[in-house]
Amino acid sequence: MKQHPESSALSQLLAKIEEQLKNSLTAEQYQLVLDWEDVKNRWHTLEVEHMYELGVKVGIRIQQEYDQFTKLP
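As the structure is a prediction and not an experimental result, all values here were calculated from the model. (Residues numbered from 1 in each chain as written. Predicted model: local features only at pLDDT ≥ 70, side-chain atom pairs only at ≥ 80, totals over all residues. Heavy atoms only, no water.)

1. Considering the environment of Thr26
This is how the line gets drawn: Numbered from the N terminus, helices here are DSSP runs of H or I no shorter than four residues, and strands are runs of E no shorter than two.
Secondary-structure assignment places Thr26 in the loop between helix H1 (7-24) and helix H2 (27-70). Placed 30 residues apart in sequence, Thr26 and Val56 show a C-alpha to C-alpha distance of 45 Å.

2. Focus: the environment of Ile17
Operational definition: For every residue, the accessible area obtained with a 1.4 Å probe (protein chains only) is divided by the maximum for its type, and the residue is called buried under 20%, exposed over 50%, and partly exposed between those limits.
Structurally, Ile17 is set in helix H1. Under the relative-accessibility criterion, Ile17 is labelled partly exposed at 38%. Ile17 sits 20 residues away from Glu37 along the chain, and the two C-alpha atoms are 13 Å apart.

3. Side note on a nonpolar patch on the surface
The cut-off we apply is this: Candidate patch residues must exceed 30% relative accessible area and have no salt bridge, after which like charges are joined if within 9 Å and Val, Leu, Ile, Met, Phe, Trp or Tyr side chains if within 5 Å. Note that accessible areas follow from Shrake-Rupley with a 1.4 Å probe, and for residues the cover is restricted to the protein chains shown. Note on definitions: salt bridges are taken to be side-chain nitrogens of Lys or Arg within 4 Å of carboxyl oxygens of Asp or Glu.
On the surface, Leu10, Leu13 and Ile17 cluster together into a nonpolar patch covering about 250 Å² of accessible area. Topologically, Leu10 is positioned in helix H1.

The following block contains the structure:
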């Protein structure tokens with residue numbers, strides 16, 4: 001990810017936003033934001049894993065169909 005062209009700009013933006021949040025929210029509010037972000041990140045990870053699993057299953061099914069097609073007399 002560090003090699004992606006946008007990663008440096010996004011990292012800087014993230015740091016700026018984090019600093020603004022720390023300065024404008026109470027400690028409890030900031031912790032809520034961190035907790036929310038953690039849950040959203042876990043949710044996103046589950047979505048990506050689910051899509052990956054579906055992709056693998058579809059790929060296997062395609063390979064099986066291809067194998068059956070190529071074995072026809």
